[in-house]
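Chain and residue survey
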Amino acid sequence: KAGVTQTPRYLIKTRGQQVTLSCSPISGHRSVSWYQQTPGQGLQFLFEYFSETQRNKGNFPGRFSGRQFSNSRSEMNVSTLELGDSALYLCASSHGRGLNEKLFFGSGTQLSVL
Amino acid sequence: GQQVMQIPQYQHVQEGEDFTTYCNSSTTLSNIQWYKQRPGGHPVFLIQLVKSGEVKKQKRLTFQFGEAKKNSSLHITATQTTDVGTYFCAEGRDSGGYQKVTFGTGTKLQVIP
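Here the structure is a predicted model, which is why all the values come from computation and not from measurement. (Residues numbered from 1 in each chain as written. Chains lettered and ligands numbered in written order. Predicted model: local features only at pLDDT ≥ 70, side-chain atom pairs only at ≥ 80, totals over all residues. Heavy atoms only, no water.)

**Concerning the overall build of chain B**
Counting secondary structure elements, chain B contains zero helices and eleven strands. Its C-alpha atoms give chain B a radius of gyration of 14 Å, near enough to 13 Å, the size a compact globule of 113 residues would have. Each principal axis of the C-alpha atoms in chain B carries an extent, and together these give about 45 × 30 × 20 Å. For chain B, the proportion of contacts with a sequence separation of at least 24, taken over those separated by at least 6, is 55%. With an accessible surface of roughly 5400 Å², chain B has 50% of that area assigned to carbon and sulfur atoms. Treating the 12 positive side-chain charges of chain B as one cloud and the 8 negative ones as another, the clouds have centres 5 Å apart. (Helix = DSSP H or I, 4+ residues; strand = E, 2+ residues; numbered from the N terminus. Rg over C-alpha atoms; globule rule 2.2 N^0.38 Å. Contact = heavy atoms within 4.5 Å. Areas by Shrake-Rupley, 256 points an atom, 1.4 Å probe, with all protein chains shown as cover. Lys, Arg positive; Asp, Glu negative; His and termini not counted. Charge placed at Lys NZ, Arg CZ, Asp CG, Glu CD.)

Following this line, the structure appears as structure tokens:
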């Protein structure tokens, strides 16, 4: 079974631009979560999708958005990029939605904003 | 937002020494998951604890959940260079019928050969 796939692996953007990151979960997994990882802030929860609907959201500005498609693939979008958005963006999938589901992470997208 | 605190933030040990990281919360935890992230890699699930006072072992790793379910620990016996990485605890909490997983601040382990 293929793991969680994230594309692209690396991205370089400039301030003010927007970016779209993609995540394909493990086959059969219906939940996709997104996390931002920075050296100073650790792993911060962005949002979680299940059955094409956002179920939970972290404390990030509206510039961060996402969506999930009927095949469970997910995208996240960051508009009007700021220098502080430079980070590793990790996607994680899980089979179901309930408590005690373990997360399977992709390799992440390293975003650099210049 | 609320974050589970981990101590220490960094730990350097000589190969063969033991290592322990602690995870603390001011509120009762629903469960605790532990993940390991190797340098340049992504977090990988290690184990989950659900019951008060639960203890689980994986070879040289011992995981504990506190009696009050407000703290947890990961202990590694006789560290090896392959143990290098950052260890995260994470809480899975019910949020509107869906699990929201919040990660701790992490403990970065360096093993000196």
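Moving on from the coordinates now.
**Some thoughts on the nonpolar core**
Residues W34(A), L46(A), F64(A), M76(A) and Y89(A) are the most contacted members of the largest nonpolar core, which totals 21 residues. Broken down by secondary-structure element, the contributors of at least two residues to this core are β3 (19-24), β4 (31-38), β5 (42-50), β8 (74-78), β9 (87-94) and β11 (109-113) of chain A. The contacts of M76(A), once residues within four sequence positions are left out, are V19(A), T20(A), L21(A), W34(A), L46(A), F47(A), F64(A), S65(A), G66(A) and Y89(A). Counting 20 residues, the second largest nonpolar core, distinct from the first, contains L61(B), L74(B), I76(B) and L109(B). (Core = buried A, V, L, I, M, F, W, Y, C linked by side-chain atoms within 4.5 Å. Buried < 20%, exposed > 50% of the residue type's maximum accessible area, 1.4 Å probe, protein only.)

**Considering the interface of chain A and chain B**
Each partner contributes residues to the interface: chain A has 25 residues there, and chain B has 24 residues. Interface area, chain A with chain B, both sides summed: about 2000 Å², of which 51% is carbon and sulfur. In terms of surface lost to chain B, no three residues of chain A exceed L43(A), R97(A) and L99(A), which account for 25% of the buried area on that side. Where chain A touches chain B, the interface holds zero salt bridges. (Buried area = accessible area lost by both parts, 1.4 Å probe. Salt bridge = Lys/Arg side-chain N within 4 Å of Asp/Glu carboxyl O.)

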